[in-house]
Amino acid sequence: MRLHQLSPRPGAKHRRKRLGCGESSGHGKTSGRGHKGQKARSGGSIRLGFEGGQMPLNRRLPKRGFNNANFKPIFAVINLDTLEARFEAGAKIDEAVLRSTGLVNGRNDGIKLLARGEITKALTLEVDKASAVAREKFEKAGGTLVLRPAKVEMTARTPKGVEREPRERLSRRTKLTAKKTQS
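## Considering the overall build of the protein
Move 1: From N to C terminus, the protein includes five helices and six strands.
Move 2: Its helices and strands in sequence order give the protein the pattern α-β-α-β-α-β-β-β-α-β-α, from N to C terminus.
Move 3: Within the span of the protein, comprising 183 residues, buried residues form 18% of the whole.
Move 4: For the protein, contacts bridging at least 24 residues in sequence account for 47% of all contacts bridging at least 6.

Put into structure tokens, the structure is as follows:
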């Protein structure tokens with residue numbers, strides 16, 4: 001097969017509908033828009049979910065539950081086969097090295113080692129988390145795995161340069177007794 005023999009599959013291409021070309025075409029006069037009304041006007045489109053002023057469905061239905069996805073810690077993932085392919089035996093690897101080689105990029109809450117593939121080289125690796133199988137394979141190959149201390153509070157999607165202080169968590173009973181003592 002050559003380039004000049006390529007063609008799209010039958011039915012994949014259509015002629016564009018030519019509007020306003022006389023009544024006998026079937027698409028003349030109102031050009032398929034019907035008679036008058038907001039949708040017949042130019043620029044007359046209504047937004048998705050609009051029901052003509054009636055309370056829309058997404059506002060009529062009750063809202064339930066809670067989603068904490070915005071605050072879930074996001075970890076960059078590194079697999080054993082990647083380390084095997086990219087680094088020489090005896091290499092010391094931390095977040096700065098992983099970023100400079102392009103294995104980790106963007107903002108995240110840490111690095112996690114996962115167990116895809118095999119490793120034979122003895123490396124020194126500093127990460128925040130590691131799966132049990134990954135840790136076992138890594139140490140079996142003679143590597144040293146250093147786990148960084150856990151952060152007190154994950155800062156997922158916190159603006160750069162802003163540090164959140166961990167809030168003091170009080171039990172309900174403590175709050176009630178504090179209110180009684182104030183009054």
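Let us keep going from here.
## A few points about the sheet that holds strand S1 (residues 76–79)
Move 1: Pairing within the open sheet is parallel, and its three strands lie in the order S1-S3-S5. Each of the sheet's edge strands pairs with one partner strand only, and the pair in question is S1 and strand S5 (129–130).
Move 2: Relative to S5, strand S3 (residues 111–114) runs parallel, the two being bridged by two bridges. Bridge pairing in S5 links Leu113 to Ala130.

## Details of the sheet that holds strand S4 (residues 124–127)
Move 1: The parallel open sheet is built from three strands, whose spatial order is S2-S4-S6. If you trace the sheet from one side to the other, it starts and ends with strand S2 (92–93) and strand S6 (144–147), each paired once.
Move 2: Note that S2 and S4 share two bridges and pair parallel. Bridge pairing in S4 places Lys92 opposite Thr124.
Move 3: Where helix H4 (residues 132–140) meets the sheet, it contacts S4 and S6, and its direction lies at approximately 140° from that of S6.

## Description of the environment of Gly90
Move 1: Structurally, Gly90 can be placed in the loop between helix H2 (80–86) and S2.
Move 2: Through-space distance from the C-alpha of Gly90 to that of Thr124 is 6.8 Å; in sequence the pair is 34 residues apart.
Move 3: The residues contacting Gly90, other than those within four sequence positions of it, are Ala122 and Leu123.

## A word on the nonpolar core
Move 1: Among the nonpolar cores identified, the biggest contains 21 residues, and Ile78, Leu83, Leu98, Leu113, Leu125 and Phe138 are the most heavily contacted of them.
Move 2: Where this core is concerned, the elements lending two or more residues are S1, H2, S3, S4 and H4.
Move 3: For Leu125, the contacting residues outside a window of four places in its chain are Leu83, Ile93, Leu113, Phe138, Thr144, Leu145 and Val146.

Criteria and thresholds
- Residues numbered from 1 in each chain as written.
- Predicted model: local features only at pLDDT ≥ 70, side-chain atom pairs only at ≥ 80, totals over all residues.
- Heavy atoms only, no water.
- Helix = DSSP H or I, 4+ residues; strand = E, 2+ residues; numbered from the N terminus.
- Buried < 20%, exposed > 50% of the residue type's maximum accessible area, 1.4 Å probe, protein only.
- Contact = heavy atoms within 4.5 Å.
- Pairing = 2+ DSSP bridges.
- Axes fitted to C-alpha atoms, helices over the stretch in contact; angles between N-to-C directions.
- Core = buried A, V, L, I, M, F, W, Y, C linked by side-chain atoms within 4.5 Å.

Interpretation note: all reported values are geometric properties and have no functional meaning in isolation.
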